[in-house]
Amino acid sequence: MRMYDLIMKKRNGGILTKEEICFMIDGYTKGTIPDYQMSAMMMAIYFVGMNEEETLHLTMAMANSGEILDLSEIKGIKVDKHSTGGVGDKTSLALTPMVAACGVKIAKMSGRGLGHTGGTIDKLESFDGFTTGISTKQFISNVNDIGISIMGQTKELAPADKLLYALRDVTATVDNMSLIASSIMSKKLAAGADAIVLDVKTGSGAFMKSEADAFALAKEMVMIGKNAGKKMMAVISDMDQPLGRAVGNALEVKEAIATLNGEGPEDFTELCMTLGSCMLLSAGVTESREQAEKMLKQVIDERTALQKLADFVKAQGGNSEMVYKPELLPKASIVTPLTAPEEGYINKIICDEVGICSLILGGGRETKESSIDLSVGIVLEKKAGDYVKKGETLAFIHANDEEKRKACEERLLAAYRISSEKKKKESVIKGILN
Ligand code: URA
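Residues numbered from 1 in each chain as written. Predicted model: local features only at pLDDT ≥ 70, side-chain atom pairs only at ≥ 80, totals over all residues. Heavy atoms only, no water.

Description of the overall build of the chain
- Within the chain, the regular secondary structure consists of 17 helices and 13 strands.
- The globule rule puts the C-alpha radius of gyration for 434 residues at 22 Å, and the 22 Å found for the chain is close to it.
- Taken along the three principal axes of its C-alpha coordinates, the chain extends 65 × 45 × 40 Å.
- In the chain, which comprises 434 residues, the proportion classed as buried is 57%.
- When contacts within the chain are restricted to residue pairs at least 6 apart in sequence, long-range pairs at least 24 apart make up 77% of them.
- When the accessible surface of the chain is summed, it comes to about 18,000 Å², and 50% of that surface belongs to carbon and sulfur atoms.
- In the chain, the 53 positive side-chain charges and the 59 negative ones have mean positions that sit 1 Å from each other. (Helix = DSSP H or I, 4+ residues; strand = E, 2+ residues; numbered from the N terminus. Rg over C-alpha atoms; globule rule 2.2 N^0.38 Å. Buried < 20%, exposed > 50% of the residue type's maximum accessible area, 1.4 Å probe, protein only. Contact = heavy atoms within 4.5 Å. Areas by Shrake-Rupley, 256 points an atom, 1.4 Å probe, with all protein chains shown as cover. Lys, Arg positive; Asp, Glu negative; His and termini not counted. Charge placed at Lys NZ, Arg CZ, Asp CG, Glu CD.)

Laid out in structure tokens, this is it:
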């Protein structure tokens, strides 16, 4: 088999066989197929597309390019959750303890943030001493003991995807539905859970700008997971404005803790309840989403989910006192309000721009090597659909550097669109697929 012939076949509209896809992924992982040939193939796929079967073969080939995590030593059904990412997306921080407090085993691999979207691991490091650099043995033992553990993605997990994603990133071939679906699902399948609940974002701050594309991506990933023998559900949720109010690592941790105390923002709480009920349903803990939501409400009311977060933080070396005293979390030295220049309805908050504002303050990574300031970020006081008077606070900026604060202030103000036209508040949940 020759890579040249496969590129030509795809370029001319052909359908690649399982053997051809395995040859290509195996060769690329081993280094026998060079970047320039794989780049040409990715561009051919970008323009010609792949059918369901090809997408499934690509996913399986990438999942099998490294180790498949063996979670068989964990008793009970393991449920994983994945978000396609966005601004202020601190969902895993509140959701995983909620679900674990209902008796479902959470064995999750997470990543760090890059660019304007944050990563769960960075956020968790707001707890002094917390580490995700634990061995697989420790990971499994923590899940068995307390029901929840989160570790960093190992190098052995779907290495073909790691190489391919880096290549796509620099060859303008990221935003193809089949390539995104296979990339995400290869890592999820290699991470070994029995059931997977996906949170597919849509809107200006998401990969999928239109709802139709988000539904199509969700459908494709559900299809792949089911074909691989997993229980699958997908929630399509809004990312046209930041989720909740807080954007920035420690600020988001604080908001997640408030949510576990029953005091979270409405949209964020609704998303956690919806995803949580899908996770309980997938694990077979309940027979209906209504029953699941009751259980989730109870673990919040009784603070057992909060306790679960504290147990999890402690088991991974973190200071669990901070869960009960969030004022101990990293704090910025300058906190200033951003005020409305005119009165009216908030018609839109350009989502990516808020993420970039947090990046400017030092809360995100420009490159993989940059370090981040956990304490900085933004807390939105007004969101889309809210009415604001002239001079009222739109948001608070948490900064440690006056120059960066000023740059953030200008850009954040430009991200708010205020108009006299009334805007209807929309639900964060756009749909559920299974
Ligand atoms: N996230 C991934 O892991 N892969 C993609 O291709 C896009 C988003």
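Remarks on the environment of E73
- Within the element layout of this structure, E73 appears in the loop between α4 (52-63) and β1 (79-83).
- Remark: the alpha-carbon pair of E73 and S141, spanning 68 residues in sequence, is separated by 8.7 Å.
- Among residues more than four places away in sequence, those in contact with E73 are I140 and N144.

Re the side chain of N249
- By the element assignment, N249 lies in helix α11 (residues 249-260).
- Sequence-distant contacts of N249, defined by excluding residues within four places in its chain, comprise D122, K123, S126, G363, I372, D373, L374 and V376.

Comments concerning the site of the ligand
- The environment of the ligand is formed by Y165, R168, I180, S183, I184, K187 and F207.
- S183 places a side-chain nitrogen or oxygen 2.6 Å from a nitrogen atom of the ligand.
- Between the ligand and the protein, one listed contact pairs an oxygen atom with a side-chain N or O atom of K187 at 2.5 Å.
- Calculation on the ligand without its partners gives an accessible area of 240 Å², and the protein chains cover 90% of this total.
- Secondary structure elements with two or more residues in the shell around the ligand: α8 (159-169) and α9 (177-190).
- Considering every element that reaches the shell around the ligand, the biggest residue donor is α9, with 4 residues.
- In the shell around the ligand, the residues fall into 4 nonpolar, 1 polar and 2 charged. (Near = heavy atom within 4 Å. Polar contact = N/O pair within 3.5 Å; in protein donor to acceptor, adjacent residues only side chain to side chain. Nonpolar A, V, L, I, M, F, W, Y, C, P; charged D, E, K, R; others polar.)

Here's the deal with the sheet that holds strand β13 (residues 429-433)
- An order of β1-β4-β5-β13 is seen for the 4 strands of this open sheet, with the pairing classed as mixed. For this open sheet the edge positions go to β1 and β13, each flanked by a neighbour on one side alone. Between one strand and the next, the sheet's axes are offset by a mean angle of 15°, whatever the strand orientation.
- Direction of pairing for strand β4 (residues 195-202) relative to strand β5 (residues 231-238): parallel, over a ladder of 8 bridges. Looking at β5, one finds that I196 is bridged to M232.
- Most of the contacts of helix α12 (residues 266-282) go to β5, to which it runs at about 170°, and overall it touches β1, β4, β5 and β13. (Pairing = 2+ DSSP bridges. Axes fitted to C-alpha atoms, helices over the stretch in contact; angles between N-to-C directions.)

Overview of the packing of α4 against α9
- At their nearest, the axes of α4 and α9 sit 8 Å apart, and the two run at 40° to each other. Here α4 lies oblique to α9, going by the angle between them. The two elements α4 and α9 meet at a crossing, and its hand is right-handed. Counted together, T55, L58, T59, M60, M62 and A63 of α4 and S178, L179, S182, S183, M185, S186, L189 and A190 of α9 form the full contact between these two elements.
- Among the residues forming the contact of α4 with α9, the class breakdown is 8 nonpolar, 6 polar and no charged. (Parallel < 35°, antiparallel > 145°, perpendicular 65-115°, else oblique. Left-handed = near helix turned anticlockwise from the far one by under 90°.)

Remarks on the packing of helix α16 (residues 351-361) against helix α17 (residues 402-415)
- Across the interface, α16 lies against α17 with an axial gap of 9 Å and an inter-helix angle of 175°. It follows from the interaxial angle that α16 and α17 lie roughly antiparallel. Contacts between α16 and α17 pair E353, V354, I356, C357, I360 and L361 from the former with K404, R405, A407, C408, R411, L412 and A415 from the latter.
- When its residues are assigned to classes, the contact of α16 with α17 shows 9 nonpolar, no polar and 4 charged.

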